[in-house]
Amino acid sequence: MTPSPASASADNTSGLSHNRVWNFSAGPSVLPMSVLEEVQHDLLNYKGQGMSVLEMSHRSKVYGSIISDAEATLRRVLKVPDNYSVLFLQGGGTGEFAASYLNLMASKAVREKQRKLGKPLVCDYLVTGGWSKSGLKEVKRLGANTNVVLDGVKSASTGETTYNSLPLVSEWKLSKPEETAYVYYCENETVHGVETPANYVVDAVDPSVPVICDMSSNMLSRPVDVSRFGAIVAGAQKNMGPAGVSIVIVRKDLLERDESDPEVTRNLPSVLDWCYFDGAGSMPHTPPTFSIYVCGLVFKWAEAQGLEALSKLRDERSNMVYDEIDAHPEFFNGLVDKKYRSAMNLVFTLPTPELEAKFIAEAAERNMVQLKGHRSLGGIRISLYNAIPVEGAKAFVDFMKEFYNKNH
């Protein structure tokens, strides 16, 4: 049987067909079944070309169509304005920690602003969890002049910093706009399960300052106004495709440079240089061809669904789980302030480590896997990305109820 193309499918039910499991991995993560079926169908002979995309030259006309179609589809889905470039890169989100800083500081607009100020501009960082903390650490290593706008919240009982909420905007320590190069934050922290509400940061930042946002784990899960950001960076392997490709959407004026000044790019490696990739259609050298191809199919699937519908589904899935957590807080201990709980990565603990191990083992017996919390946090983590149908969340909640009744 020939599977339906991913572009024509508005069905996000992966279910447990093909002897599959409910895969709640934080990444790499579950892909839409229709996408996997189309990849499988065309794996040996892509559209009559007599070869797989895995074997195809990135300089071929056929692959040129694949990558340009992927970009065009993503532009439509996210309504990316014409004055933004879309880049397919390598290096993952970690590579973009450095790339964001190096490219912004090479920007003609930023360098001119710094020249007028007469001293180094400040790079503002909101630290809301493990990944934004890693981003800050990386740019400090590169010599950035940083300011920590916020660093989690202080525990009232211990005084220790915890990443389970955000302080009030009135408590943020944003630098003066005229002294700021950019503001950086991670919108969804996959480790700590904290998700910043849409527009929360851009509403608080002076519009003259570019906002750089890491959307690795929630891009395509809800509508986003791209025009309010200087750049959006994202690893694809959580909600957009397989591992191996990262995506940058960057305002074109931030790519303008003074090419006559050799200092502009002296410390900017080509592999991290957004301009280098922008000038070559993301292909100055061999790109991660197969990963981009699969991402393109996921983009078509998301387009068929529509971001409004995907946003409603993400809320429906996560609310089902959070309702069960809230129903038995003495047993299922939610770790995050309700105002900032992630709809993508839901974290909680049980009364003892032994119960957590039992929970994970018994869930696996019911074909639910990848539920162990991140090694730095422990507990339980269930990731509910776009390709998890509501039935998957319901199956998990049914298991939670059963486990509670037997063990509380």
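Residues numbered from 1 in each chain as written. Predicted model: local features only at pLDDT ≥ 70, side-chain atom pairs only at ≥ 80, totals over all residues. Heavy atoms only, no water.

1. Considering the nonpolar core
Worth spelling out the cut-off: Residues belong to one nonpolar core when they are buried, are Ala, Val, Leu, Ile, Met, Phe, Trp, Tyr or Cys, and are joined through side-chain atoms within 4.5 Å. We call a residue buried when its accessible area falls under 20% of the maximum for its residue type, exposed when it is over 50%, and partly exposed in between, using a 1.4 Å probe and counting protein chains only. The helix count covers DSSP runs of H or I at least four residues long, the strand count covers runs of E at least two residues long, and both are numbered beginning at the N terminus. By definition, residues are in contact when any of their heavy atoms lie within 4.5 Å.
Counting residues in hydrophobic clusters, the biggest one holds 58 residues, and the most contacted among them are L78, M219, L220, I249 and F299. Among the elements that make up this core, the one with the highest residue count is helix 8 (residues 289–305) (nine residues). If we skip the residues at most four places from it in the chain, L78 touches M219, L220, V224, V226, I249 and L307. Residues V110, A181, V233 and L268 belong to the second largest nonpolar core, which totals 35 residues.

2. Observations regarding the pattern of salt bridges
Here is the rule: By convention in these notes, a salt bridge is any Lys or Arg side-chain nitrogen within 4 Å of a carboxyl oxygen on Asp or Glu.
Taken as a whole, this structure holds 24 salt bridges when the rule is applied. As a salt-bridge pair, R251 and D253 come within 2.5 Å of each other at their nearest N and O atoms. The class of R251 is partly exposed, set by a relative accessible area of 22%. With its nearest N and O atoms 2.9 Å apart, the salt bridge here joins E324 to K401. In this pair, E324 sits in helix 9 (residues 307–327) while K401 sits in helix 11 (residues 390–407), placing the two residues 77 residues apart along the sequence. Of the residues examined, K401 reaches a relative accessible area of 38% and is grouped as partly exposed. Here the salt bridges share partners, and the residues they tie into one network are E187, E195, R222, R314 and D315.

3. Concerning the packing of helix 2 (residues 61–78) against helix 8
Convention followed: Lines fitted to C-alpha atoms define the axes, with helix axes restricted to the stretch in contact, and inter-axis angles between N-to-C directions lie between 0 and 180 degrees. Two helices crossing with the near one rotated counterclockwise from the far one by less than a right angle form a left-handed crossing, whereas a clockwise rotation gives a right-handed crossing. Amino acid classes used here: Ala, Val, Leu, Ile, Met, Phe, Trp, Tyr, Cys and Pro are nonpolar; Asp, Glu, Lys and Arg are charged; the rest, including Gly, are polar.
Where helix 2 meets helix 8, the closest approach of the two axes is 9 Å, and the angle between their N-to-C directions is 40 degrees. Of the two possible hands of crossing, helix 2 and helix 8 adopt the one that is left-handed. Counting all contacts with helix 2, which are made through Y63, I66, I67, D69, A70, T73, L74, R76 and V77, the residues of helix 8 involved are T289, I292, Y293, G296, F299, K300 and E303. Tallied by class, the residues present in the contact of helix 2 with helix 8 amount to nine nonpolar, three polar and four charged.

4. Looking at the pairing of strand 14 (residues 345–349)
Quick note on the threshold: Each pair of strands is called paired provided DSSP finds at least two bridges between the two strands.
The buried fraction of strand 14 is high, at five of five residues. In strand 14, alternate side chains face the same way, and those of N345, V347 and T349 on one face and L346 and F348 on the other are all buried. Alignment of strand 14 against strand 16 (residues 380–383), held across four bridges, turns out to be antiparallel. Looking at strand 16, one finds that N345 is bridged to S383.

5. Observations regarding the state of the cysteines
The following threshold applies: For the purposes of this analysis, a disulfide is any pair of cysteine sulfur atoms at a distance within 2.5 Å.
One pass over the structure, following the stated rule, counts zero disulfides. Looking at C213, it has no disulfide partner, and the nearest cysteine sulfur is the one in C186, 7.1 Å off. With a relative accessible area of 0%, C213 lands in the buried category.

6. Section: the environment of P28
Residue position: P28 is located in the loop between strand 1 (22–23) and helix 1 (33–42). P28 sits in the exposed class, given a relative accessible area of 52%. Between the C-alpha atom of P28 and that of K238, which follows or precedes it by 210 residues, the distance is 5.6 Å. For P28, the residues in contact, after removing those within four places along its chain, are Q237 and A243.

7. Details of the pairing of strand 7 (residues 180–186)
Extensive coverage of strand 7 is indicated by the burial of seven of its seven residues. Inspection of the sheet shows strand 7 paired to strand 10 (residues 211–214) by four bridges, in the parallel sense. Bridging across to strand 10, C186 finds its partner in D214.

8. Concerning the side chain of E189
Where we set the bar: Two residue types count as positive, namely Lys and Arg, and two as negative, namely Asp and Glu; His and chain ends fall outside the count. N or O atoms within 3.5 Å of each other form a polar contact, as long as, within protein, one can give a hydrogen and the other can take it, and as long as residues adjacent in sequence are counted only when both atoms are side-chain atoms.
Residue placement: E189 occurs in strand 8 (residues 188–189). Despite its burial, E189 pairs with no opposite charge; the closest candidate is R381, at 9.0 Å N-O. In this structure the side chain of E189 is engaged in a polar contact, spanning 3.1 Å, whose partner is the backbone nitrogen of G129. Within the structure, E189 has its side chain in polar contact with the side chain of S132 (distance 2.6 Å). Apart from the residues lying within four places of it in its own chain, the contact partners of E189 are T128, G129, G130, W131, S132, V194 and N345.

Read these as layout, nothing more, since geometry by itself doesn't imply function.
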